[in-house]
Number of protein chains: 6
Amino acid sequence: MDSSVQYLIELAFQEDIGSGDITTDSVIAPDAEGTGRIVAKESMIIAGLDLAREVFEFLDPDITICSNYKDGDKVKKGKVVMEFEGRMRTLLIGERTALNFLQRLSGIATNVRSYVDALEGKNVRLVDTRKTTPGWRTLEKYAVRMGGAHNHRMGLYDGVLIKDNHIAACGGITKAIETVRKKISHLVKIEVEVSDMSGVKEALKAGAEVIMLDNMSIPQIEKAVKIIKKKAIVEVSGGITKKKLPALADTGVDIISVGALTHAARSYDLSMRIDEKEDTFVAAE
Amino acid sequence: MDSSVQYLIELAFQEDIGSGDITTDSVIAPDAEGTGRIVAKESMIIAGLDLAREVFEFLDPDITICSNYKDGDKVKKGKVVMEFEGRMRTLLIGERTALNFLQRLSGIATNVRSYVDALEGKNVRLVDTRKTTPGWRTLEKYAVRMGGAHNHRMGLYDGVLIKDNHIAACGGITKAIETVRKKISHLVKIEVEVSDMSGVKEALKAGAEVIMLDNMSIPQIEKAVKIIKKKAIVEVSGGITKKKLPALADTGVDIISVGALTHAARSYDLSMRIDEKEDTFVAAE
Amino acid sequence: MDSSVQYLIELAFQEDIGSGDITTDSVIAPDAEGTGRIVAKESMIIAGLDLAREVFEFLDPDITICSNYKDGDKVKKGKVVMEFEGRMRTLLIGERTALNFLQRLSGIATNVRSYVDALEGKNVRLVDTRKTTPGWRTLEKYAVRMGGAHNHRMGLYDGVLIKDNHIAACGGITKAIETVRKKISHLVKIEVEVSDMSGVKEALKAGAEVIMLDNMSIPQIEKAVKIIKKKAIVEVSGGITKKKLPALADTGVDIISVGALTHAARSYDLSMRIDEKEDTFVAAE
Amino acid sequence: MDSSVQYLIELAFQEDIGSGDITTDSVIAPDAEGTGRIVAKESMIIAGLDLAREVFEFLDPDITICSNYKDGDKVKKGKVVMEFEGRMRTLLIGERTALNFLQRLSGIATNVRSYVDALEGKNVRLVDTRKTTPGWRTLEKYAVRMGGAHNHRMGLYDGVLIKDNHIAACGGITKAIETVRKKISHLVKIEVEVSDMSGVKEALKAGAEVIMLDNMSIPQIEKAVKIIKKKAIVEVSGGITKKKLPALADTGVDIISVGALTHAARSYDLSMRIDEKEDTFVAAE
Amino acid sequence: MDSSVQYLIELAFQEDIGSGDITTDSVIAPDAEGTGRIVAKESMIIAGLDLAREVFEFLDPDITICSNYKDGDKVKKGKVVMEFEGRMRTLLIGERTALNFLQRLSGIATNVRSYVDALEGKNVRLVDTRKTTPGWRTLEKYAVRMGGAHNHRMGLYDGVLIKDNHIAACGGITKAIETVRKKISHLVKIEVEVSDMSGVKEALKAGAEVIMLDNMSIPQIEKAVKIIKKKAIVEVSGGITKKKLPALADTGVDIISVGALTHAARSYDLSMRIDEKEDTFVAAE
Amino acid sequence: MDSSVQYLIELAFQEDIGSGDITTDSVIAPDAEGTGRIVAKESMIIAGLDLAREVFEFLDPDITICSNYKDGDKVKKGKVVMEFEGRMRTLLIGERTALNFLQRLSGIATNVRSYVDALEGKNVRLVDTRKTTPGWRTLEKYAVRMGGAHNHRMGLYDGVLIKDNHIAACGGITKAIETVRKKISHLVKIEVEVSDMSGVKEALKAGAEVIMLDNMSIPQIEKAVKIIKKKAIVEVSGGITKKKLPALADTGVDIISVGALTHAARSYDLSMRIDEKEDTFVAAE
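Novice: A description of the overall build of chain A should follow, citing residues and the corresponding values.
Specialist: Scanning chain A from terminus to terminus reveals eleven helices and 13 strands. Once the C-alpha set of chain A is aligned to its principal axes, its extents read approximately 75 × 40 × 25 Å. Out of the 285 residues belonging to chain A, those deemed buried represent 59%. Restricting to contacts in chain A with at least 6 residues of sequence separation, those with at least 24 account for 69%. Each charge class in chain A can be summarised by its mean position, and for the 40 positive and 42 negative side chains these summaries are 12 Å apart.

Pasting the structure below:
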């Protein structure tokens, strides 16, 4: 597991448990055993099952966990997503943190899937952006993949994207591409953001490997695709709605990047039922 | 600043910058200077200004920052929220992380404010829950306050909430309250979650200081309020929508807790314009 | 285990072992096996057994540990408190750190028990303060509970205590209580520190849930208890000795807080005998 | 400053402040200014002034601090040890942590000084042991020096002390010394713990540079000193009380090591008065 | 500064200073002031000046540092590379750590420069590999750039290199490229390692953007370059010596990668002279 | 394992793996199994086997590892040093980091052994210095021992070495020794660096326990040895080559310290062959 995810789990427990669960520690015997079932309260694409597992195992390595689903699966409302058997204290203390992770990641995966479905049959790649919750980049980009889309660069360190400020600083697209090419690894493609046809032409001539058409209209995009003629990868970005996707795909672009995949997702509802063994079941928070 | 927030900023930079911004490092001179302006792309309650400041100062203590707003203020679409003067590299590298923090926190504050407005003139306290983004508890609860609502407990460590599992483990509400009372600090109030009138009566008799009515109908709530007669604080929770708020308030309850304040908020749109000094302005990502 | 305790164990090993135990590493074969017994050199209330276990398991997960005692038990002089079987190196390297933890925590628990005994039969709760060894708050408050007393708030974050400076800043007790009430969670009780009868009356009228009588004489306390008449919890604090406890309890107060529970405790003496297997026994440091 | 001390300050704030001082944050304005004075409530040797300074500067670099004392000085009851000027919030939030550090370190220094005074005029070095509070080794050994005594080794890594287990493992003192000598740096002296005259003789012959006489009577010690005749440094340890010190010194030993210097010290009493500027003074907790 | 570099400096001080410089702390007054000069004991390409500065400023922010050189400059034997003015203690304690950083990085930069010089006038890019000292990746790759060469990928996360194991797992080069392409970002180029002409042809046909010729002879490389005809970037790797470089460059390859740039570098010699102010100069270790 | 080594392994993975091995994650199935063999590509003294084991077990606790060698053994060219069985992903991802550790440590051990061999039959101890790679002190000093030499002090904290600056600050060797003696533990020997006979005489007279002759000629060293006559340990340092070692040993000195043991070592070549189970073998990078 990525070390940043490890830190996030630790942060999550620190903030929720801190010096201890004063209610549970007061009334639940350390050796009381129970079972738990996480249930989908609405239909969704599930994501974060391994993380939920990590959360409980971090608290208590003795817990038993099983699930009939894997991340990316569609789960119908009312289905049991994951089952647990172990100490009541572990179940009660880990419940909220595990649900908080699952709800957010499943929310993103479900949101992404609806965009992916809107592009069914189209020959185009849907990708995310860097508009993610700070601290959650790795997880949210993972949920995007579980939803069926692809990732753009992970961060500023693993991809070149030359924007207006960079171009202005160099005195032009050609100069900017040349300057960057000299300094970066030969393994990295250069992407340039352009906003008009002269930008498209200059970027293409200067050898940009990816050209991002920023906030262009459908006719402009069609024109740019014709100019580029597969000599570079074409990406469109800016002001994209789910409704516009099919028309955008039909322009012949290769990549559509959408910030809303991550930043406009809401949490999907899951809850956990916890039962003490040989006892009546009880509904949890 | 809370140390968990400090960690989150570090995580955010680690995931976004990692071994360096390979584009900016290639083309922007280390001593190039510029200005930046964060602009609201829609009307919102702003939250996270100090955090955005921290983000940039973490990168570069020499930056100059000013703002005419403070957290909790209403900002109209198109207004400049914050202005920066300093190294171009700092502005370009910090931009996305600062915006990601601001967009999420302002999204929550704006969402909360719409609930608060729905309760205008009512004598009731609106509070959040523990349904927050893991790692973001402190920040999201802060945004809730900036939106005008209050916080429920911060975590499991600073408040007692006796739920069904706890009651079952003790063999009844009275026993559970007695057990907890003996073990916790005399400074902490005891809250009990009940789902029917017999629960209300038993909790009241056993000396619960706060009684949470879980998923009850308006008539049930009215009945419970009458039974309790101000001898305990009354909280309602579960399945609450913005529309239902005024009617709920009119039942005479003291506290309404709503998970959707945090978990159903979307990001609000802010962008940053960066200009090189003595140069034409350029629109940032 | 609380993460602050985890850090403390790591700090303890860093400071004691650092780059290695140069004596033991030179002369004890890595696979030499032995047994160890921790012995009480004086009668005491034992506390820290799980911590001692953690210390050795942190060094070497293969060690076998058993004990016939649990924290809070009275141990007579000369009794074996804990037994170990495993690598000689582990026993020799962990010995001092484990003893240092046990000696301090048992010292506190034993000290606390003598106060608790002085209150036998009295209907009052004895609590600690924030006068703890920095870094040891969680552990020392745990030892207080093992000694038979209760904890006041854990820190500044989980309880309200309005003191003179807070009152002065607000311009009076009533104003201070109102201001705090508006801002804090509805789950937290408000405690106010007062030093005379007018303070008692104002705090009571303003709805303080706990009233701390600071450094008052027995007759003053009796008078205050009469005024308050169970409408608030009454706590006494300041200049309290073990001898004064019964008289204080007889005034009818609910809570007696004593800083000396933690800050005046001395370490109690325990030592560890280590024997190489199939060899003569040897007394350790 | 030692990094372990840095961690301890962070731990101290984490445990005391956590998610915030809910009382002070509610009622004290962020820009309210005040003064503070730390006062000795009994006569003591002061230690930890720089640490108290660190504590406040960690919270707020803008605070002004001054003191007419330095660590190791004798402070009379009632004297002002340190003065502060700055934000009221800083003063109120840092007060308890700073006092907790000062009280413990001054307690040790004062305890040590009483042992040092008992040896006045004697030609012997008084040293501490490894019986320190876990996490506090560096600080407590510092307080020992401020009290006027010396430090034994810091930990297992910077000094050789061959004990019974090491001797048994090698099959004799001579063999143990030879084995260790071959493996350790030529800069480290070898100390051997012995409990009778034959041990003394063998250690001396084998070239031990320091011989520790463990739990011997005065006549035995005198005999050992005669045998050793300044060919090795002589240390005594075990069961040493303040009263016995002069007689022990008169035997001609070089070093007396006493665990009680650290583990039997109690905290000395200091308090802090905080006044809001242009306001009446108020006594702090 | 990269956070991994920050950690390395902390590790370096922890291991060298630990609980303190017992010699310097004993004899040098805290306020004694001095000057220091770092001198090149042989001619070299200097690298690590900012790091040396960080090392001293980490110890003591009050130190004054100046230098007439910047990283990548050639420094002649005997020249003063850097000058310091500040506390004697800072100079003496930081000296060895600063020199250890400078000597290793300058060693790499000087080694790299000799390879770069061997390729003077050739149209080829010299790059490093992942054969770096663990923990030093960022620093050593930086020194490579200061020596005048370029970096290959930083790690496994920011570049694709398909090797024999990956090809075997997929059942062929074409399948491997297709599989990878589907999963990775559209910004990353795909490099394939091949060892014969059929590999070259298949990789080219499958659209590899970079083809690495592993351990091929000059005639084989010439043949491969002809086949590829600039339709992919050609990299050679394996068994490359400085002597072979010109002939390799003349084959028309684009990239030559050499592990020896980092793993075969020796430290270059620098020393530091420290003088107490108004005193005779003294040669340091 | 030393915690600084633990940090180094974490740093190593962070810098090499970061957000993931994008090639292996794309094409190797999570459950594919394979075998690996680390082979010596030249004859060497092996060092770091346990560390290589740690590296793979850190990634995947399920891996099986065996080796017929132990650190310090001579390994002939072509021999298999270590064998692995486990997940293909683990083998491919851990390979480079494990090799980087092994190559550097074996390089040092092999280098040291050649110096040790040059002193065969001589009665002198060869030791290292503090000229180590920052962050690698513990590991490199370990490799020195595996090569057959000894360690000088670990750092500034565990040994006294009085140099010119210290002497100047005190106003002479005698004064410096006296000052240090008063402050340090009685377990630490005092070493003084001298550069002429008068220094030798003064240091001897003042009771220095180790005298370091800095950069002296053979006749000077012989003279110094005669003066000292075994009354102190004699160490020589500065400008020492392998060729000079026998003559230096014949002067009668006790200790020869050589910085080149660590700072002039090159990496020795090892590679890893990885085979998918029931598949053809493949040569790794």
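From this point, the discussion proceeds with the structure in view.
Novice: Run through the packing of helix α4 (residues 88-118) of chain A against helix α5 (residues 137-147) of chain A, naming residues and quoting values.
Specialist: All names here are of chain A. In contact at an axis separation of 7 Å, α4 and α5 are set at 45° when each is read in the N-to-C sense. In terms of orientation, α4 lies oblique with respect to α5. In terms of crossing hand, the pair formed by α4 and α5 is right-handed. Here F101, R104, L105, I108, A109, V112, R113 and V116 of α4 lie close against α5, whose contacting residues are L139, E140, A143, V144, M146 and G147. Among the residues making up the contact of α4 with α5, the classes are represented as ten nonpolar, one polar and three charged.

Novice: Before we move on, can you summarise the packing of helix α3 (residues 49-59) of chain A against α4 of chain A with the specific residues and values?
Specialist: All names here are of chain A. Packing of α3 against α4 brings their axes to within 9 Å, and their N-to-C directions diverge by 155°. When the axis of α3 is compared with that of α4, the two are roughly antiparallel. The crossing of α3 and α4 is right-handed. On the side of α3, the interface is formed by L49, L51, A52, V55, F56 and L59, while α4 contributes T90, L91, I93, G94, E95, T97, A98, F101, L102 and L105. A class-by-class count of the residues in the contact of α3 with α4 yields twelve nonpolar, three polar and one charged.

Novice: I'd like a description of the confidence of the model for chain A, backed by residues and values.
Specialist: Residues and elements named next belong to chain A. Of all residues in chain A, 96% have pLDDT values of 70 or greater, and the mean over the chain is 94. Every residue in residues 280-285 is under pLDDT 50, and counting partners more than four places away or in other chains gives 18 contacts. With a pTM of 0.90, the predicted complex shows an ipTM of 0.92.

Novice: Which residues make up the relation of the copies chain D and chain C, and what values go with them?
Specialist: Turning chain D through 180° and shifting it by 0.0 Å along the axis lays it on chain C, with an RMSD of 0.0 Å. The transformation relating the two chain copies, once decomposed into turn and shift, fits a two-fold axis. Residues of chain D ranked by C-alpha distance from the rotation axis are headed by R266 of chain D, positioned 3.3 Å from it. Both copies contact each other with a shared surface, as 100% of the interface residues of chain D are interface residues in chain C too.

Novice: Give a detailed account of the sheet that holds strand β9 (residues 210-214) of chain E, specifying residues and quantitative values.
Specialist: The pairing of strands in a sheet comes from backbone hydrogen bonds and takes either a parallel or an antiparallel form. Residue and element names in this part refer to chain E. Pairing is parallel in the open sheet, where six strands are placed in the order β6-β11-β10-β9-β8-β7. Of all the strands in the sheet, just β6 (125-127) and β7 (160-162) have a single pairing partner and so form its edges. Strand after strand, the sheet turns through a mean of 25° between neighbouring axes, direction not considered. As judged from the four bridges shared by strand β8 (residues 190-194) and β9, these two strands associate in the parallel manner. From the neighbouring strand, E191 faces β9, where its bridge partner is V210.

Novice: Describe in detail the domain arrangement of chain A, supporting the description with residues and values.
Specialist: Residues and elements named next belong to chain A. Domain annotation of chain A identifies domain 1 (3-115 + 266-276) and domain 2 (117-263). Listed as interface residues are 18 residues of domain 1 and, on the opposing side, 23 residues of domain 2. Together domain 1 and domain 2 conceal approximately 1900 Å² of surface at their shared face, both sides included; 63% is due to carbon and sulfur atoms. Together, I108, V112 and Y115 form the three largest contributors to the area buried by domain 1 at its contact with domain 2, with a combined 37%. The interface formed by domain 1 and domain 2 holds one salt bridge in total. In this structure, R104 and E140 form a salt bridge, with 3.1 Å as the shortest nitrogen-oxygen distance. Between the two partners, domain 1 and domain 2, sit 13 residue pairs in polar contact (both at pLDDT 80 or more). Among the elements of the structure, α1 (3-17) and α4 are those that each provide at least two residues to the side of domain 1 that touches domain 2.

Novice: Could you give an account of the interface of chain D and chain C, with specific residues and numbers?
Specialist: Contact with chain D, which involves 67 residues of that partner, is made by 68 residues of chain C. Each partner contributes to the roughly 5800 Å² buried at the junction of chain D and chain C, and carbon and sulfur atoms together form 57% of this total. Counting every contact that joins chain D to chain C gives four salt bridges. Ionic pairing is found between R130 of chain D and D16 of chain C, a salt bridge with its closest N-O pair at 2.8 Å. At the junction of chain D and chain C, the tally comes to 31 residue pairs in polar contact (both at pLDDT 80 or more). Residue composition of the side of chain D that touches chain C, by class: 31 nonpolar, 20 polar and 16 charged.

Novice: Give a description of the side chain of R125 of chain F that names residues and reports values.
Specialist: Positionally, R125 of chain F belongs in strand β6 (residues 125-127). Look at R125 of chain F: it is buried, it has no salt bridge, and the nearest opposite charge is D254 of chain F at 9.2 Å. A polar side-chain atom of R125 of chain F sits 2.8 Å from the main-chain carbonyl oxygen of R181 of chain D. Residue contacts for R125 of chain F: discarding those within four places in its chain leaves R181, K182, K183, I184, S185 and H186 of chain D together with H150, D254, I255 and I256 of chain F.

Novice: Could you give me a rundown of the packing of aromatic side chains, with the residues and numbers involved?
Specialist: All chains considered together, the criterion is met by 21 aromatic pairs over all chains. On the numbers, 5.4 Å between centres and 15° between planes, the contact of F13 of chain A with F58 of chain A is stacked. With F13 of chain A in helix α1 and F58 of chain A in helix α3, this pair connects stretches of sequence that are 45 residues apart. A residue is classified by how much of its surface remains accessible, and F13 of chain A, at 5% relative accessible area, is buried. Assessed through its relative accessible area of 40%, F58 of chain A is described here as partly exposed. R266 of chain A extends its terminal NZ or CZ atom over the ring of Y268 of chain A, reaching a point 4.1 Å from the ring centre. Lying across the ring of Y115 of chain F, K242 of chain F places its NZ or CZ 5.1 Å from the centre.

Novice: Which residues make up the environment of I218 of chain B, and what values do they have?
Specialist: Inspection of the secondary structure assignment puts I218 of chain B in helix α9 (residues 218-228). In the structure, I218 of chain B is positioned 26 residues away from K244 of chain B in sequence and 9.4 Å away in space, judged by C-alpha atoms.

Novice: Outline helix α1 (residues 3-17) of chain D, listing residues and values.
Specialist: Helix length check: α1 of chain D (15 residues) gives 21 Å between terminal C-alpha atoms against 21 Å at 1.5 Å per residue, within 8%. Of all the positions in α1 of chain D, only S4, V5, L8, I9, L11, A12, F13, E15, D16 and I17 of chain D are classed as buried. Tucked into the core, α1 of chain D has its buried residues touching α1 (3-16) and α5 (137-147) of chain C together with α3 (49-59), α4 (88-118) and α5 (137-147) of chain D. A positive backbone phi angle near 50° is found at G18 of chain D, which sits one or two residues after α1 of chain D.

Novice: Explain the pattern of salt bridges residue by residue, including any values.
Specialist: Residues and elements named next belong to chain A. Taken as a whole and judged by the stated rule, the model has 90 salt bridges over all chains. A salt bridge links R266 to E42, with the nearest nitrogen and oxygen atoms 3.0 Å apart. One end of the pair, R266, is in the loop between α11 (260-263) and β12 (270-276); the other, E42, is in the loop between β1 (33-40) and β2 (44-45), and 224 residues separate them in sequence. Overall, R266 belongs to the partly exposed group, its relative accessible area being 36%. Where E209 meets R181, a salt bridge forms, and the shortest distance between an N and an O atom there is 3.2 Å. Note that E209 is positioned in the loop between α8 (197-205) and β9 (210-214) and R181 in helix α7 (residues 173-183), a separation of 28 residues in sequence. On the basis of relative accessible area, R181 is assigned to the partly exposed category, the value being 29%.

Novice: So what about the side chain of D60 of chain E? Which residues, and what values?
Specialist: Residue and element names in this part refer to chain E. If you trace the backbone, D60 turns up in the loop between α3 (49-59) and β3 (64-66). A distance of 2.7 Å separates the side chain of D60 from the side chain of T90, its partner in a polar contact. If we skip the residues at most four places from it in the chain, D60 touches R87 and T90.

Novice: Outline the sheet that holds strand β10 (residues 233-237) of chain D, supporting the account with residue identities and numerical values.
Specialist: All names here are of chain D. Pairing is parallel in the open sheet, where six strands are placed in the order β6-β11-β10-β9-β8-β7. One side of each edge strand has no neighbouring strand; the edge strands of this open sheet are β6 (125-127) and β7 (160-162). Neighbour-to-neighbour, the strand axes of this sheet turn through a mean angle of 25°, independent of strand direction. Pairing geometry for β10 and strand β11 (residues 255-257), over three bridges, is parallel. In the sheet register, E235 faces β11, and the bridge partner there is I255.

Reading the values: rules and limits
- Residues numbered from 1 in each chain as written.
- Chains lettered and ligands numbered in written order.
- Predicted model: local features only at pLDDT ≥ 70, side-chain atom pairs only at ≥ 80, totals over all residues.
- Heavy atoms only, no water.
- Helix = DSSP H or I, 4+ residues; strand = E, 2+ residues; numbered from the N terminus.
- Buried < 20%, exposed > 50% of the residue type's maximum accessible area, 1.4 Å probe, protein only.
- Contact = heavy atoms within 4.5 Å.
- Lys, Arg positive; Asp, Glu negative; His and termini not counted.
- Charge placed at Lys NZ, Arg CZ, Asp CG, Glu CD.
- Axes fitted to C-alpha atoms, helices over the stretch in contact; angles between N-to-C directions.
- Parallel < 35°, antiparallel > 145°, perpendicular 65-115°, else oblique.
- Left-handed = near helix turned anticlockwise from the far one by under 90°.
- Nonpolar A, V, L, I, M, F, W, Y, C, P; charged D, E, K, R; others polar.
- pLDDT = per-residue confidence, 0-100.
- Least-squares fit on C-alpha atoms with pLDDT ≥ 70 in both.
- Pairing = 2+ DSSP bridges.
- Domains from an automatic or database assignment.
- Buried area = accessible area lost by both parts, 1.4 Å probe.
- Salt bridge = Lys/Arg side-chain N within 4 Å of Asp/Glu carboxyl O.
- Polar contact = N/O pair within 3.5 Å; in protein donor to acceptor, adjacent residues only side chain to side chain.
- Phe/Tyr/Trp six-rings, centres within 6.5 Å; stacked < 30°, edge-to-face > 60°.
- Lys NZ or Arg CZ within 6 Å of the ring centre and 35° of its normal.
- Expected span 1.5 Å × (residues − 1).

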